[in-house]
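# Report on the structure
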Amino acid sequence: MSERDAAFEAYFAARSGAMRGTAYLLCGDWHRAEDLVQQTFTKIYLAWHRIDRREAMDNYTRQALVRTFLSERRRGWFRFESVGAEAADRPAPGSGLADERMVLLAALMKVPPRQRAVLVLRYWEDASVEQAAALLDCSEGNVKSQAARGLQTLRGLLQEERVR
């Protein structure tokens, strides 16, 4: 195994789990999250010999992951089937944190992809406005407005859920 491959393998082993969690928050499906991570790390492997700043790899990887997710969503011919979107039997209402988390994740999946990406970067990955703007290749004002709209959408969806 070459030194290049060994370095990539070590990076993949160290960071793929965290990226899988981020991918899940973006797409809402563990299988699709795995596919996104695989596509992202394939792109990174192909560019590995050109990457000089290894200390900035997490930002580069996160940016590639978000861009892969957003470009996948833009393709008009690609349709997603939501596995288990409407279950035939609804589970009994619960009162635990796990139930709240499931409601929050379900609502997050209904937020438009670009807003969802901003919300995940800002509030899950704890990226600053500047970092999120750099990752999404947009202005800081765009990140702020997308975050505000995303939070407003998420609040509205959660309010609808409470009314049910």
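Predicted model, so just to flag it, every value in this text is computed and none were measured. (Residues numbered from 1 in each chain as written. Predicted model: local features only at pLDDT ≥ 70, side-chain atom pairs only at ≥ 80, totals over all residues. Heavy atoms only, no water.)

Turning our eyes to something else, we now look at the pattern of salt bridges. With the rule as written, the count across this model stands at four salt bridges. Linking Arg62 and Glu125 is a salt bridge whose minimum nitrogen-to-oxygen distance equals 2.8 Å. Taken together, the residues span a long stretch of sequence, with Arg62 in helix H3 (residues 57-74) and Glu125 in the loop between helix H5 (113-124) and helix H6 (129-136) at a distance of 63 residues. Of the charged contacts, one joins Arg67 and Asp137 as a salt bridge, the two residues approaching to 3.8 Å between their closest N and O atoms. Here Asp137 lies in the loop between H6 and helix H7 (140-163) and Arg67 lies in helix H3, a separation of 70 residues in the sequence. A relative accessible area of 37% places Arg67 in the partly exposed class. A relative accessible area of 60% means that Asp137 is categorised as exposed. (Salt bridge = Lys/Arg side-chain N within 4 Å of Asp/Glu carboxyl O. Helix = DSSP H or I, 4+ residues; strand = E, 2+ residues; numbered from the N terminus. Buried < 20%, exposed > 50% of the residue type's maximum accessible area, 1.4 Å probe, protein only.)

Core analysis: the largest hydrophobic core is formed by 40 residues, its most contacted members being Leu26, Trp48, Val66, Leu121, Leu136 and Val143. Of all the secondary-structure elements, those providing two or more residues to this core are helix H1 (3-27), helix H2 (30-47), H3, helix H4 (97-110), H5, H6 and H7. Examining the composition of this core, we find that eight residues originate from one element, H1, more than from any other. In terms of domain composition, this core takes at least three residues from each of domain 1 (1-78) and domain 2 (95-163). Once residues within four sequence positions are removed from consideration, Leu121 is found in contact with Arg62, Val66, Asp126, Ala127, Ala132, Leu135 and Leu136. (Core = buried A, V, L, I, M, F, W, Y, C linked by side-chain atoms within 4.5 Å. Domains from an automatic or database assignment. Contact = heavy atoms within 4.5 Å.)

Under the relative-accessibility criterion, Arg62 is labelled buried at 11%. Within the local environment of Arg62, its side chain forms a polar contact with the side chain of Asn59, the two groups lying 3.3 Å apart. (Polar contact = N/O pair within 3.5 Å; in protein donor to acceptor, adjacent residues only side chain to side chain.)

Glancing now at the confidence of the model for the chain. Predicted confidence across the chain gives a mean pLDDT of 84, with 86% of residues reaching 70 or more. A low-confidence stretch, residues 77-81 (pLDDT under 50), is modelled with four contacts involving residues beyond four sequence positions or located in other chains. (pLDDT = per-residue confidence, 0-100.)

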